[in-house]
Amino acid sequence: MGQGSWIWWLILSVVAWLLFTQIRYMARHYSSGSWPVVDASIQKGPTGFVPIGRGQGTPACFLGYCFSVKDSTCTGLFALYGSRDDVESA
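Residues numbered from 1 in each chain as written. Predicted model: local features only at pLDDT ≥ 70, side-chain atom pairs only at ≥ 80, totals over all residues. Heavy atoms only, no water.

We now examine the overall build of the chain. Within the chain, the secondary structure is distributed over two helices and three strands. Secondary structure elements of the chain, listed N to C terminal, follow the sequence α-β-β-β-α. Taking 90 residues into account, the globule formula puts the C-alpha radius of gyration at 12 Å, and the chain, at 22 Å, lies well above it. A burial count over the chain gives 8% of its 90 residues as buried. Within the chain, counting contacts between residues at least 6 apart in sequence, those at least 24 apart form 25% of the total. (Helix = DSSP H or I, 4+ residues; strand = E, 2+ residues; numbered from the N terminus. Rg over C-alpha atoms; globule rule 2.2 N^0.38 Å. Buried < 20%, exposed > 50% of the residue type's maximum accessible area, 1.4 Å probe, protein only. Contact = heavy atoms within 4.5 Å.)

Rendered as C-alpha cells:
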C-alpha cells in the first residue's frame, strides 16, 4: 500500500458510518409503523434555568407528559430551552 492509502481507509470509514446510521434509521422508521397511537396529556410547568457550566444557565420551560398504553401509564418531564422570549411564550 502506498502513502496515500490512509485517505481511502478514511473515506471507507466515513461511508460505512453513513450507511450504518441510515440503515439503522430506516429500520427504526419501519418498525415504528406498528407502534400504538394513544392520546397524551401535556402540562405546562414552571419556567426556570438549565445550568450550563459554572454559574451559567439558559432559560427553560419545563413540561410534563402522561399517556397510557396497554394498562401501563407512562409519565415524564422535559425542558424546552432557548431565549427568554421563546421560553416565556411556550
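Further notes follow.
Taken as a whole, the chain shows an average pLDDT of 85; of its residues, 92% reach a score of 70 or greater. Element-level mean pLDDT values for the chain span from 67 in helix H2 (residues 84-89) up to 91 in helix H1 (residues 5-31). (pLDDT = per-residue confidence, 0-100.)

This brings us to the pairing of strand S3 (residues 72-81). Here strand S2 (residues 57-69) runs beside S3; their pairing, made up of ten bridges, is antiparallel. Within the sheet, the bridge partner assigned to alanine 60 lies in S3 and is tyrosine 81. Counting the residues that bridge the hairpin from S2 to S3 gives two residues, and of these lysine 70 lies at a positive phi of roughly 50 degrees. (Pairing = 2+ DSSP bridges.)

Mapped onto the secondary structure, glycine 76 falls in strand S3. Residues glycine 76 and tryptophan 17, spaced 59 residues apart in sequence, show a C-alpha to C-alpha distance of 32 Å. Non-local contacts of glycine 76, meaning those with residues more than four positions away in its chain, are made with Leu63, Gly64 and Tyr65.

This part covers the sheet that holds S3. Taking strand neighbours across the sheet as the criterion, the three strands line up as S1-S2-S3 in an open arrangement whose pairing is antiparallel. The open sheet has two edge strands, strand S1 (40-51) and S3, and neither has a second partner. Adjacent strand axes in the sheet meet at a mean angle of 20 degrees, parallel and antiparallel pairs treated alike. (Axes fitted to C-alpha atoms, helices over the stretch in contact; angles between N-to-C directions.)

A separate point is the pairing of S1. In terms of residue burial, S1 counts as a barely covered element, since only zero of its twelve residues are buried. Here S1 pairs with S2 via ten bridges, running antiparallel. Paired with alanine 40 across the two strands is phenylalanine 67, which belongs to S2. If you look at the hairpin formed by S1 and S2, you'll find five residues sitting between the two strands, and glycine 53 has a positive phi there, around 80 degrees.

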